[in-house]
Structure formats: C-alpha cells, structure tokens
Amino acid sequence: MTAQTLPSEPALPTAPAAAAAPTGPDRPPAAAVGRWAAARPSLIRTMNEQLLLEHIRQRGPCSRAELARVSGLSKPTVSLALSNVERAGLVRIAGQRTGVPGRTAQLYEIRPDAGLVLGLDIGHDYVRGALAGLSGEIRARSSFRARATSVKGRVAELIRAADVLCAEAEVSRSAITQTVIGSPGVYDERHNTMQFTGGLTGWDRPAALAGLREAFGPSLVMENDVEAAALAERAHGHGRDVDHFAFAHFGTGVRMGLVIGGQLVRGAHGMAGEIAFLPLTGGTGIDEHEERKRGMLEAAASAASVVRAARRAGMGGALSARRVFEAAAAGDRRAMSVVADEARLAAKAICVVVNVVDPELIVLGGGIGRAPGFADMVTAELDNLAPVRPEVKVSALGTDAVTDGCLAAGAELAWAQVMAALGGQ
C-alpha cells in the first residue's frame, strides 16, 4: 500500500522479506544443492537482524527471550543481532519487564529517530501535517488555513508546515526519511503532472511537482488525498478488521478510496475510485461548466452544488453546505429537499460500487459525508437501490484522516529504506 513515487526519484528498494528461522544452530547447510549456493554468513546475519526488527516493530517492546521464542532463533543469535542493531542506532532499551516470575528482562523498542516520516495534506481550505517515527508515534501536528492562490504560494505553505513540524519535534528537515503529500488529483506518469486536481488552480502544471521536488528532495511521493484517507481507515479506523471496504468522500469534492483484499486498489491509470466522473446526476445543483471540468457526479453532489441547489430553492443569506444541512435538521423544507437529493445521489454512486466490487463496509467522510443524519439517509436510499447492502459508518478519524494516511504510507516506505540500508552495511 505504497504511495505514488515520482519518476525522477530513484526507485525505493523493497524491504527484504522476513527470514524464515534457520534450522539447526542458525546457519545454512554446508554444501550447495544443485545450482543453489550456501548463503554468506553476512547475509544470514542481516536477515536475522531484519527479522527481529520486524517483530519489534509489529509487537512493540520485546525482551530477548520473547524474540527468541517468536523468531525461532537461538538466544545467542538474538543477543548478537540486538547488539548489532543497537549499535546501528535502530533499537534502544525501553525499560524492564517487572511483576512476572523469573529474572527481570530488558525490553527493546525501535528508536523513535531511527526513521522520521512527514505527512502533509494540502486541501482547498487547510494545510495540515504531522511528523511521526517509524513505530507510528506522533511527534508533532500542525494545521492552518490555506491562503495561497498560486502554485508557488501553495508550495511555500507546504514548506512552512514542514518547518513548523520540524521545529516542534526539534529535528531538522534533512533528518526526514520519507515525505508523503496528500493532494487532490491523480499522478500522471506520462506527463509528469497531477491530473483532476479540482479547485486547486494550477496544481496540474509541471511547476507544481518541480517546486515540491526542489523543496522536499528525492524522498517525496504524492498520494491521492482520499486514497490516503482510506489507508488511514485501514490502519486506525473502521477498516482495521475489514478486508473489503470503500471510503466515500462527499464534501468539497466527491471521490472514493477502495480497499479490496486488504490492499488499496489504484487501477491501471491510478483512477480507481474517481467516482466524480460517474455519469450520474440529479437534483437542482448541477452546473454544466463544472460538469465538464470536474465530472458529472461531482458537479451535482459536491458542497458547491448543495449551495447552488439551496439558492435555486429560494434560500438566501451567507450559505454553505453546513448551513444547508443545519437548516434541514431544523425543519426547513427547502433545505430538507436539497439534502434528500444529495443523499439519493450519494446512494446511487455507492450502489454502483456495491454492484462491481461488493464491499463489506462503506465509510463516509468529508464535510457532507460526516454531517449528522446523512449516513442514515444514505442507508435508507441504499435499501431501495442495492441488491445487497453493506454496513455504512461515518469516519471517526475527522480532519486528520488524510495526514494519518500519508503517515501510514510513508512509514512503509521509510521502513523499506531502513531495512535496505541495514542490508548494505
């Protein structure tokens, strides 16, 4: 579930697979069999170290005895491997286990600064970010309202967010192992640009990626913002124990992230989940110019279309999608009709996905998706449309979902770099 690496970067090495426990006294057979040669002692040592690091990362602080038990390695081999990775600055002693029979055992954990991940979310209204270690612990968070209207200004705001986070975490930007930026749109490798970036004017120009590469260096990868939110749901939210689910975002834009068989699905062109372009329409908020630019469904079901529909229904004043939903909750019949149309459109889009990939769960996100009562309305519409109905839940991750998904994707990439560097020592 990695993000989309920009082509000017060197390909990131893949983390070696966890080594199977060697048989006998932790060493390979003495002779080669057929064309297979005996593994070098240095390779076996590296594989053992990588195996133990993977166990510590997945399980949290572990003692030598626990690592020997779960890895199948002998205690002397575990002790040697731990000494090596401790000298390399990858693990540290986290304390001692007390309150259990037997000798007090020292516990080892991944060092917080063994690898640092920077996750940034550039949206229409806010720039959000966080900095975390390899084990997922958050070192700093930041959020501020986006003011920039140009590509250069947006890049500057992302740099500012990174500098604020690094200052709070007391690290330099050069110490960042992996940077992942969540952004509206899909990366187009052929033209080396972002496409379908919605209302981020100019963000689909080559200058945008060029500015980001110059600022963040070769470790930069771009991630679609809603796919990042789906990754966050998989790591921390309702999708943790669900192999097939869809994260449906209804808000400023209309998009979806699909997780099938526990893996994020991107598609052959990175367009999987771009439901904005489904040929679905309805209600009175449609705008033909927006339809050509942003897709038929998004032009009919985004926050801007909710406002247009409310104005056409006769509602006045300083309107926003939130105020329309609040008015509907208070009993305004015009607003209630607009919200009902929105729920019907959302259900139609979800029904298409249900019929194609049959997810077990739909997670609703975005300002509209998380609006009180909206999930119940969508569920009621699905009862009338879909042949089977998945469970519908509202995302509990809130506004940090994209950032947290970037951190989840970045942690895997950063871990691969750390493991590859260990193998090259």
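Chains are numbered independently. Their residues run from 1 in the order of the written sequence. The predicted nature of this model means local features are confined to residues of pLDDT at least 70 and side-chain atom pairs, given and counted, to a pLDDT of 80 or more, with totals for whole chains, interfaces and linings taken over all residues. Heavy atoms from the whole structure form the basis of all side-chain values; hydrogens and water molecules are not counted.

Novice: Any details on the environment of Ala-235? Residues and values, ideally.
Specialist: For helices the rule is a DSSP run of H or I covering at least 4 residues; for strands it is a run of E covering at least 2, with both sets numbered from the N terminus onward. Looking at the element boundaries, Ala-235 is found in helix 6 (residues 225-236). Type-normalised accessible area, obtained with a 1.4 Å probe on protein chains alone, sets the label of each residue: buried when under 20%, exposed when over 50%, and partly exposed for intermediate values. Overall, Ala-235 belongs to the partly exposed group, its relative accessible area being 36%. The spacing of Ala-235 and Ala-408 is 173 residues in sequence and 7.1 Å in space, taken between C-alpha atoms. We call two residues contacting when some pair of their heavy atoms lies within 4.5 Å. In contact with Ala-235, other than residues within four places in its own chain, are Arg-240 and Ala-408.

Novice: Tell me about empty space enclosed by the protein, and name the residues and values.
Specialist: Only protein atoms enter the 1 Å grid used here, on which a cavity is any set of points holding a 1.4 Å probe that cannot leave and a pocket is any open set flanked by protein within 12 Å on both sides along at least five of seven lines; residues with an atom within 4 Å of a point are listed as lining. Grid points are joined across faces, edges and corners, and a volume is the space filled by probe spheres set on the points. Going through the model one piece at a time under the given rule, you end up with two cavities of 30 Å³ or more. When its volume is computed, the largest cavity comes out at roughly 60 Å³. Along the wall of the largest cavity there are 12 residues; nearest its centre are Gly-283, Ala-300, Ala-309, Val-338 and Asp-341. Of all the elements in the fold, those that place two or more residues in the lining of the largest cavity are helix 9 (303-312) and helix 11 (333-357). If you tally residues by element for the lining of the largest cavity, the top one is helix 11, at four residues. Charged means Asp, Glu, Lys or Arg here, nonpolar means Ala, Val, Leu, Ile, Met, Phe, Trp, Tyr, Cys or Pro, and polar covers whatever is left, Gly included. Split into classes, the residues belonging to the lining of the largest cavity amount to five nonpolar, five polar and two charged. Of the pockets and cavities examined, the second largest cavity occupies roughly 30 Å³.

Novice: I'd like a rundown of the nonpolar core, residues and numbers included.
Specialist: In this structure, Ile-275, Leu-297, Val-324, Leu-364, Phe-374, Val-378 and Leu-382 are the most contacted members of the largest nonpolar core, which totals 45 residues. The element contributing the most residues to this core is helix 11, with 12 residues. Setting aside anything within four residues of it in sequence, one finds Leu-297 in contact with Val-254, Ile-275, Ala-276, Leu-278, Leu-280, Leu-345 and Ala-349. In this description, a nonpolar core means a group of buried Ala, Val, Leu, Ile, Met, Phe, Trp, Tyr and Cys residues linked to one another through side-chain atoms lying within 4.5 Å. The next biggest cluster of nonpolar side chains, apart from the first, holds 31 residues, and it includes Val-151, Val-171, Met-194 and Met-222.

Novice: Residue-level account of the packing of helix 9 against helix 10 (residues 321-329), with values.
Specialist: Every angle, taken between N-to-C directions, lies between 0 and 180 degrees, and every axis is a line fitted to C-alpha atoms, over only the stretch in contact when it is a helix. Two elements in contact, helix 9 and helix 10, have axes whose closest approach is 8 Å; the angle formed by their N-to-C orientations is 55°. On the basis of their axis angle, the class for helix 9 and helix 10 is oblique. Considering how the two elements wind past one another, helix 9 and helix 10 form a crossing that is left-handed. Touching Ala-303, Val-306, Val-307 and Ala-310 of helix 9 are Ala-321, Val-324 and Phe-325, all from helix 10. Among the residues making up the contact of helix 9 with helix 10, the classes are represented as seven nonpolar, no polar and no charged. Throughout, the term roughly parallel applies to angles under 35 degrees, roughly antiparallel to angles over 145, roughly perpendicular to angles from 65 to 115, and oblique to all others. For any helix crossing, the convention is left-handed if the near helix is rotated counterclockwise from the far helix by under a right angle, and right-handed if that rotation is clockwise.

Novice: Tell me about the sheet that holds strand 16 (residues 391-394), and please be specific about residues and values.
Specialist: Strand pairing is assigned whenever DSSP detects at least two bridges linking the two strands. Taken together, five strands build an open sheet; the order of strands is 14-13-12-15-16 and the sheet is mixed. The open sheet has two edge strands with one neighbour each: strand 14 (263-265) and strand 16. Looking at each pair of strands side by side, their axes are set apart by 25° on average, direction ignored. Both strand 12 (residues 245-250) and strand 15 (residues 361-365) contribute to a ladder of five bridges, which runs parallel. Note that in strand 15 the partner of Ala-246 across the bridge is Ile-362. Of the strands in this sheet, strand 12, strand 13 (254-260) and strand 15 are in contact with helix 11, which crosses strand 13 at around 30°. Strands in contact with helix 13 (residues 374-385) are strand 15 and strand 16; relative to strand 16, the strand with the most contacts, it is inclined by about 165°.

Novice: Got a sec to walk through helix 13? Specific residues and values, please.
Specialist: Multiplying 1.5 Å by the helix residue count minus one yields the expected span of that helix. In this model, helix 13 (12 residues) spans 17 Å end to end at C-alpha, consistent with the 16 Å of a helix rising 1.5 Å per residue. Among all positions of helix 13, only Phe-374, Ala-375, Val-378, Thr-379, Glu-381 and Leu-382 are buried. Considered in projection along helix 13, the buried side chains sweep an arc of 165° and stay on one side of the axis. Structural note: helix 13 exposes Asp-376 and Asn-384 on the side pointing more than 90 degrees away from its buried face. The arc in question is traced by the directions running from the helix axis to the C-beta atoms.

Novice: Now, about the packing of helix 11 against helix 13: what can you tell me, with residues and values included?
Specialist: At a closest axis distance of 8 Å, the pairing of helix 11 and helix 13 adopts a crossing angle of 55°. Classified by the angle between their axes, helix 11 and helix 13 sit oblique to one another. The hand of the helix 11/helix 13 crossing is right-handed. Along its contact with helix 11, which presents Val-339, Ala-340, Glu-342, Ala-343, Arg-344, Ala-346, Ala-347, Lys-348, Ile-350 and Cys-351, the element helix 13 presents Phe-374, Met-377, Val-378, Glu-381, Leu-382 and Leu-385.

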